[in-house]
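Given next are the chains, with one letter for each unit.
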Amino acid sequence: FFRPYPDSEAPTFAALQQEFPAEIAALRERAGEPPVLPPLGWQRVRQVALAMSDRKAGGLDGWTVANLKALPQVFWEALTDLLLDVERTGVWPRSQLQARKALIPKEAGVPGVYSATAQRPIAVLTLAYRIWAALRVRDLTPWVLRWAPEHLRGGRPGREAADVWNRIALDI
């Protein structure tokens, strides 16, 4: 989490393709052409922020959900222009690449739990990134559901890691 590849370079798609060529070819065949994404539009971007709870954590950029909700249309238009530039270039502004990383206890209310195995890491990204990601996940979900393996739990509505644990418990 804090040093995901301490002794080596981060894996590349080329290396993954070389190691699993048949699996990747099968996924590509099932997936077909990726969808044409709908335009972001400042109204859609703003709507995601308005739907967020004010209790959501802000990012290291200092913005809170309540701050964003109070901003005028001109802000949402500028943010949308920035997000469109990111999609066009694939480059995020440096300020948007910061994340707050923390360890939280796996079990709430357990005092004095400090071992690494008793905690799980989280990263809180900027609100601009979270808004963009929420929109694009929503836009891509129908396409992902056409090709993602049935046993995949992450990124599929109505599925979660607890499903895996429950299945294992039933098998035992």
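Here we summarise the structure given alongside this text. In this text, all values refer to a predicted model and were calculated from it rather than measured experimentally. (Residues numbered from 1 in each chain as written. Predicted model: local features only at pLDDT ≥ 70, side-chain atom pairs only at ≥ 80, totals over all residues. Heavy atoms only, no water.)

**Digging into the overall build of the chain**
- Scanning the chain from terminus to terminus reveals 7 helices and 2 strands.
- Ordering the α and β elements of the chain from the N terminus gives α-α-α-α-α-β-β-α-α.
- What you see for the chain is a C-alpha radius of gyration of 19 Å, clearly larger than the 16 Å of a compact globule of 172 residues, by over 25%.
- When the backbone C-alpha atoms are referred to their principal axes, the chain occupies close to 55 × 50 × 35 Å.
- Across the 172 residues that make up the chain, the buried fraction comes to 21%.
- Across the chain, every contact between residues at least 6 apart in sequence was considered, and the portion connecting residues at least 24 apart equals 62%.
- Carbon and sulfur atoms form 59% of the exposed surface of the chain, whose accessible area is close to 12400 Å². (Helix = DSSP H or I, 4+ residues; strand = E, 2+ residues; numbered from the N terminus. Rg over C-alpha atoms; globule rule 2.2 N^0.38 Å. Buried < 20%, exposed > 50% of the residue type's maximum accessible area, 1.4 Å probe, protein only. Contact = heavy atoms within 4.5 Å. Areas by Shrake-Rupley, 256 points an atom, 1.4 Å probe, with all protein chains shown as cover.)

**Description of the packing of aromatic side chains**
- If you walk through the whole model with that rule in mind, you get 6 aromatic pairs.
- Among the aromatic side chains, those forming a connected cluster through ring pairs are Trp63, Phe75 and Trp76. (Phe/Tyr/Trp six-rings, centres within 6.5 Å; stacked < 30°, edge-to-face > 60°.)

**Considerations on the side chain of Asp139**
- Relative to the helices and strands, Asp139 is located in helix H6 (residues 127-147).
- Its relative accessible area of 15% is what places Asp139 among the buried residues.
- Reaching out from Asp139, the side chain makes a polar contact with the side chain of Arg44 at a distance of 2.6 Å.
- When neighbours within four sequence positions are excluded, Asp139 is seen to be in contact with Leu37, Pro38 and Arg44. (Polar contact = N/O pair within 3.5 Å; in protein donor to acceptor, adjacent residues only side chain to side chain.)

**Looking at the nonpolar core**
- Core analysis: the biggest nonpolar cluster contains 18 residues, and Leu40, Val45, Trp76, Leu79, Leu83, Ile131 and Trp132 have the highest contact counts within it.
- Elements with a contribution of two residues or more to this core: helix H3 (42-51), helix H4 (65-69), helix H5 (73-89) and H6.
- In terms of residue count, H6 provides more of this core than any other element does, 6 residues in total.
- Ignoring anything within four residues of it in the chain, the contact list for Trp132 reads Leu40, Leu83, Glu87 and Trp92.
- By size, the runner-up hydrophobic cluster in this structure holds 5 residues, among which are Ala31, Val144, Trp147 and Ala148. (Core = buried A, V, L, I, M, F, W, Y, C linked by side-chain atoms within 4.5 Å.)

**Concerning the environment of Pro142**
- Mapped onto the elements, Pro142 comes out in helix H6.
- The exposed category is assigned to Pro142, whose relative accessible area is 53%.

**Quick look at the pattern of salt bridges**
- Across all of its chains, the model carries 5 salt bridges by this definition.
- A salt bridge links Asp139 to Arg44, with the shortest nitrogen-to-oxygen separation between them at 2.6 Å. Within this pair, whereas Asp139 is found in helix H6, its partner Arg44 is found in helix H3, the two being separated by 95 residues in sequence.
- Taken together, the shared-partner salt bridges in this structure form one network comprising Arg44, Glu87, Arg136 and Asp139. (Salt bridge = Lys/Arg side-chain N within 4 Å of Asp/Glu carboxyl O.)

The analysis is restricted to geometry; functional conclusions fall outside its scope.
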